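What follows is the residue order along each chain.
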Protein chains: 2
Amino acid sequence: MELSEYLKSVAEKVDQEADEYSKATDTTLQKASAHLLLGGGKRLRPAMVLLAADAVRKGASADIFSAALALEWTHTFTLVHDDIMDGDSLRRGRPTVHVVWNEATAILAGDVLYARAFEYLCSVKNASAESKVKAVQMLSHACYEICEGQEEDVSFETRNDVRASEYLEMVRKKTGVLYAAAAGIGAALAGGDAKQIAAFYTLGQNTGIAFQIQDDIIDLMTPPEISGKDQASDLRENKQTLLAITAREMGVDLSKYHKDHLTKEEIAEAIALLEMSGVLGKVRGISEKMIADSKAGLASVVPASEERDLIFEMVDFFITRGY
Amino acid sequence: MELSEYLKSVAEKVDQEADEYSKATDTTLQKASAHLLLGGGKRLRPAMVLLAADAVRKGASADIFSAALALEWTHTFTLVHDDIMDGDSLRRGRPTVHVVWNEATAILAGDVLYARAFEYLCSVKNASAESKVKAVQMLSHACYEICEGQEEDVSFETRNDVRASEYLEMVRKKTGVLYAAAAGIGAALAGGDAKQIAAFYTLGQNTGIAFQIQDDIIDLMTPPEISGKDQASDLRENKQTLLAITAREMGVDLSKYHKDHLTKEEIAEAIALLEMSGVLGKVRGISEKMIADSKAGLASVVPASEERDLIFEMVDFFITRGY
């Protein structure tokens, strides 16, 4: 199966569950908590859970499908709360939960999604109680670190001396650990051994970090006609991304681009500067190495299969995608 | 052992753990999430976990102590988020988390406490994985219902036709289910059978409801010299408590007391009216019956022991306490 076809089929199933969830009761809280779930999304974390499960034990994904939902519900919980904290009014092209309802309802909606996630984890079929406990531990620990990562991210906004190691640790927490939990939980619930679970966890974690680094590259490189977003906004705002930090650490001065508007020519000039100075190459190299290492780690403990190939394809896609 | 002595020893242990938690790291998030934990409190939910465990298997409480923390951390999580939603600036005599820091930090602090609670549940010793999964299910389901209860509570503020059954269902969710989970989790982790877990769950749930009803009675009956709070504020504000609802359903008119200030004489008159008309008796009867039924239910499946006696004493205290 093609990766794109596989991801599409997972997304359709998750969309359908989100739809059913939204209709379960007609309370305000049910509607508010379903709002963002119904906004679509790539559903990459559920795909990671299911592929990891099938790579460990062919067919396991059908038994543990509700764990895939647990990851998507958790991801959505973090987005709903992040939107309140960041004061964002749009997400996936829809008004955010606290805008449609209010902050109190949005706080509760996030809490409800989080609670549901643990209920979903416990309700998987044909998995040992031991593996469920491991899954709960991975998910709760991930949530703890996500909160820490979000706090660090906010604190970075008022600093201009963030080191690359600090940035990578923040991104590990904010984005990496939930992909880590996705892959680790899929492997655990399918009956994987400790080495397999660890290899999947690492692969997921590195994938999440690489995904975020690629997001920063896309912000710089992708014209608005393709991304649908403002180009180079991180550069203009002097946001402490790995690109900006690496440039500073390599003595590349980007201060002339920190202003309210950049022309197409100025953006092209900045890209050229970052390419020629080796900043882009260094940043790309960091994520490529993380992906390569974790693929090798996984290959040493999980036998070849269609699902393993799809996982490798998916993580490659994370660092090569253009938007 | 005397109940008061037992509760004091539990509170001291929980206070000590809260203190250690606050020192684990020195991040803002750690401090913010520890803030309310350090504010003391009666620690009744931890006591319920530990007594239920020992009533099922003598000595189990030492093994599963971290589950008691899980309940206190969860309770604190709900308070931190409630304080944001209700805009409250004081709790346990200290400024609330969102006042000391800000809303974003308070949202994260609540989320972190909640995540930790599940980690604590998974880390108990000498308990089967099956019982841990049950514990996670009870805690996550409780959180889901607490959110629903909070939403219903807010929606009642703009209504004057709330029925007693609606009120009791709201209180069951908002206060009952966490005591239910406390008792059920203690029993499950100690190796209790399904009947024992169910009996403890019901006892905890009814206890929580009765606790809230007693709170409403205390608001009316207790002079500020004793309670440290404004007397009869619910009556003045025409809050939809079980007392107010029962009065309305029994045709007792309290509208003359819905005003900004009540003299001591007016409060005494209102109390006399509610006593003479049978409203107070009816409300007291509801909580007394719930406690009696659940004590009988527990006595039929859990053998007599010092801990069972302490639980019975504790639930009696819930409906007899004066403040």
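Everything numeric here is computed off the predicted structure, so don't read it as measured data. (Residues numbered from 1 in each chain as written. Chains lettered and ligands numbered in written order. Predicted model: local features only at pLDDT ≥ 70, side-chain atom pairs only at ≥ 80, totals over all residues. Heavy atoms only, no water.)

1. Some points on the relation of the copies chain B and chain A
You can overlay chain B on chain A at an RMSD of 0.1 Å; the transform is a turn of 180° with a shift of 0.0 Å along its axis. What we have between these two chains is a two-fold relation. No C-alpha of chain B lies nearer the rotation axis than that of Ala-129 of chain B, which sits 2.6 Å from it. A high fraction, 100%, of the interface residues of chain B reappear at the interface in chain A, so the copies pair face to face through one surface. (Least-squares fit on C-alpha atoms with pLDDT ≥ 70 in both. Contact = heavy atoms within 4.5 Å.)

2. Observations regarding the interface of chain B and chain A
How large an interface is tends to be reported as the accessible area lost when its parts come together. Taken together, the contacts link 34 residues of chain B with 34 residues of chain A. When chain B packs against chain A, close to 3200 Å² is buried across both sides, 71% of that on carbon and sulfur atoms. The interface formed by chain B and chain A holds 12 residue pairs in polar contact (both at pLDDT 80 or more) in total. Looking at the side of chain B that touches chain A, the elements with two or more residues in it are helix 2 (28-35), helix 5 (65-86), helix 7 (103-122) and helix 8 (129-156) of chain B. If one sorts the elements of the side of chain B that touches chain A by residue count, helix 8 of chain B sits on top with 14 residues. (Buried area = accessible area lost by both parts, 1.4 Å probe. Polar contact = N/O pair within 3.5 Å; in protein donor to acceptor, adjacent residues only side chain to side chain. Helix = DSSP H or I, 4+ residues; strand = E, 2+ residues; numbered from the N terminus.)

3. Quick notes on the side chain of Asp-219 of chain B
Residue and element names in this part refer to chain B. Here Asp-219 lies in helix 10 (residues 194-221). Within polar-contact distance, the side chain of Asp-219 engages the side chain of Ser-233 at 3.1 Å. Excluding residues within four positions of it along the chain, Asp-219 makes contact with Asp-230, Gln-231, Ala-232, Ser-233, Asp-234 and Leu-235.

4. So, helix 9 (residues 164-189) of chain A
Since the α-helix packs 3.6 residues into each turn, any two residues three or four apart lie on the same face. Residues and elements named next belong to chain A. Taking 1.5 Å as the rise per residue, helix 9 with 26 residues should run 38 Å; its terminal C-alpha atoms sit 35 Å apart, in good agreement. Along helix 9, the helix axis deviates most sharply at Gly-176, where the bend reaches about 50°. With 22 of 26 residues buried, helix 9 is to be regarded as a mostly interior element. (Expected span 1.5 Å × (residues − 1). Bend = angle between axes of the 7 residues up to and from the residue. Buried < 20%, exposed > 50% of the residue type's maximum accessible area, 1.4 Å probe, protein only.)

5. A few points about the packing of helix 3 (residues 44-56) of chain B against helix 9 (residues 164-189) of chain B
Residue and element names in this part refer to chain B. Packing of helix 3 against helix 9 brings their axes to within 7 Å, and their N-to-C directions diverge by 30°. On the basis of the axis angle, helix 3 is roughly parallel to helix 9. As for the relative orientation of helix 3 and helix 9, their crossing is right-handed in sense. Residues Leu-44, Arg-45, Met-48, Val-49, Ala-52, Ala-53 and Val-56 of helix 3 form the contact with helix 9, whose own contacting residues are Leu-178, Tyr-179, Ala-182, Ala-183, Gly-186 and Ala-187. Of the residues assigned to the contact of helix 3 with helix 9, the class counts are 11 nonpolar, one polar and one charged. (Axes fitted to C-alpha atoms, helices over the stretch in contact; angles between N-to-C directions. Parallel < 35°, antiparallel > 145°, perpendicular 65-115°, else oblique. Left-handed = near helix turned anticlockwise from the far one by under 90°. Nonpolar A, V, L, I, M, F, W, Y, C, P; charged D, E, K, R; others polar.)

6. Digging into the pattern of salt bridges
Under the definition given, this model contains 52 salt bridges over all chains. If you follow the salt bridges from partner to partner, you end up with Glu-145, Glu-148, Glu-152, Glu-169, Arg-172 and Lys-173 of chain A in one network. (Salt bridge = Lys/Arg side-chain N within 4 Å of Asp/Glu carboxyl O.)

7. Remarks on the packing of aromatic side chains
In total, this model carries 18 aromatic pairs over all chains according to the counting rule given. Ring centres of Trp-73 of chain A and Tyr-120 of chain A lie 5.3 Å apart, and the angle between their planes is 90°; this geometry places the pair in the edge-to-face category. Here Tyr-120 of chain A lies in helix 7 (residues 103-122) and Trp-73 of chain A lies in helix 5 (residues 65-86), a separation of 47 residues in the sequence. Of the two residues, Trp-73 of chain A and Tyr-120 of chain A, both sit in the buried class. Here Phe-77 of chain A and Tyr-114 of chain A contribute two aromatic rings whose centre-to-centre distance is 4.3 Å and whose plane-to-plane angle is 5°, an arrangement assigned as stacked. One end of the pair, Phe-77 of chain A, is in helix 5; the other, Tyr-114 of chain A, is in helix 7, and 37 residues separate them in sequence. When its relative accessible area of 0% is taken as the criterion, Tyr-114 of chain A is described as buried. Aromatic ring contacts, followed pair by pair, group Phe-77, Tyr-114 and Phe-118 of chain A together with Phe-77, Tyr-114 and Phe-118 of chain B into a single cluster. The side chain of Arg-116 of chain A reaches across the aromatic face of Tyr-144 of chain B, ending 3.7 Å from its centre. In this structure, Arg-321 of chain B is placed above the aromatic ring of Phe-211 of chain B, and the distance from its NZ or CZ to the ring centre is 3.8 Å. (Phe/Tyr/Trp six-rings, centres within 6.5 Å; stacked < 30°, edge-to-face > 60°. Lys NZ or Arg CZ within 6 Å of the ring centre and 35° of its normal.)

8. Some details on the environment of Ala-164 of chain A
All names here are of chain A. Relative to the assigned elements, Ala-164 resides in helix 9. Each C-alpha atom, one on Ala-164 and one on Leu-242, is 6.3 Å from the other, the two residues being 78 residues apart in sequence. Contacts of Ala-164, omitting those with residues within four sequence positions, involve Leu-242, Ile-245 and Glu-249.

9. A look at a negative patch on the surface
All names here are of chain A. On the surface, a cluster of negative charge is made up of Glu-2, Glu-5, Asp-309 and Glu-313. The topology assignment puts Asp-309 in helix 16 (residues 306-320). For Asp-309, a relative accessible area of 44% puts it in the partly exposed group. (Patch = residues over 30% accessible without salt bridge, like charges linked within 9 Å, V, L, I, M, F, W, Y side chains within 5 Å. Areas by Shrake-Rupley, 256 points an atom, 1.4 Å probe, with all protein chains shown as cover. Lys, Arg positive; Asp, Glu negative; His and termini not counted. Charge placed at Lys NZ, Arg CZ, Asp CG, Glu CD.)

10. Re the packing of helix 1 (residues 3-23) of chain B against helix 16 (residues 306-320) of chain B
All names here are of chain B. Contact geometry of helix 1 with helix 16 gives a least axis separation of 10 Å together with a crossing angle of 95°. On the basis of the axis angle, helix 1 is roughly perpendicular to helix 16. Two secondary-structure elements touch here, helix 1 through Leu-3, Tyr-6 and Leu-7 and helix 16 through Leu-310, Glu-313, Met-314 and Phe-317. Here the residues of the contact of helix 1 with helix 16 are counted per class, giving six nonpolar, no polar and one charged.

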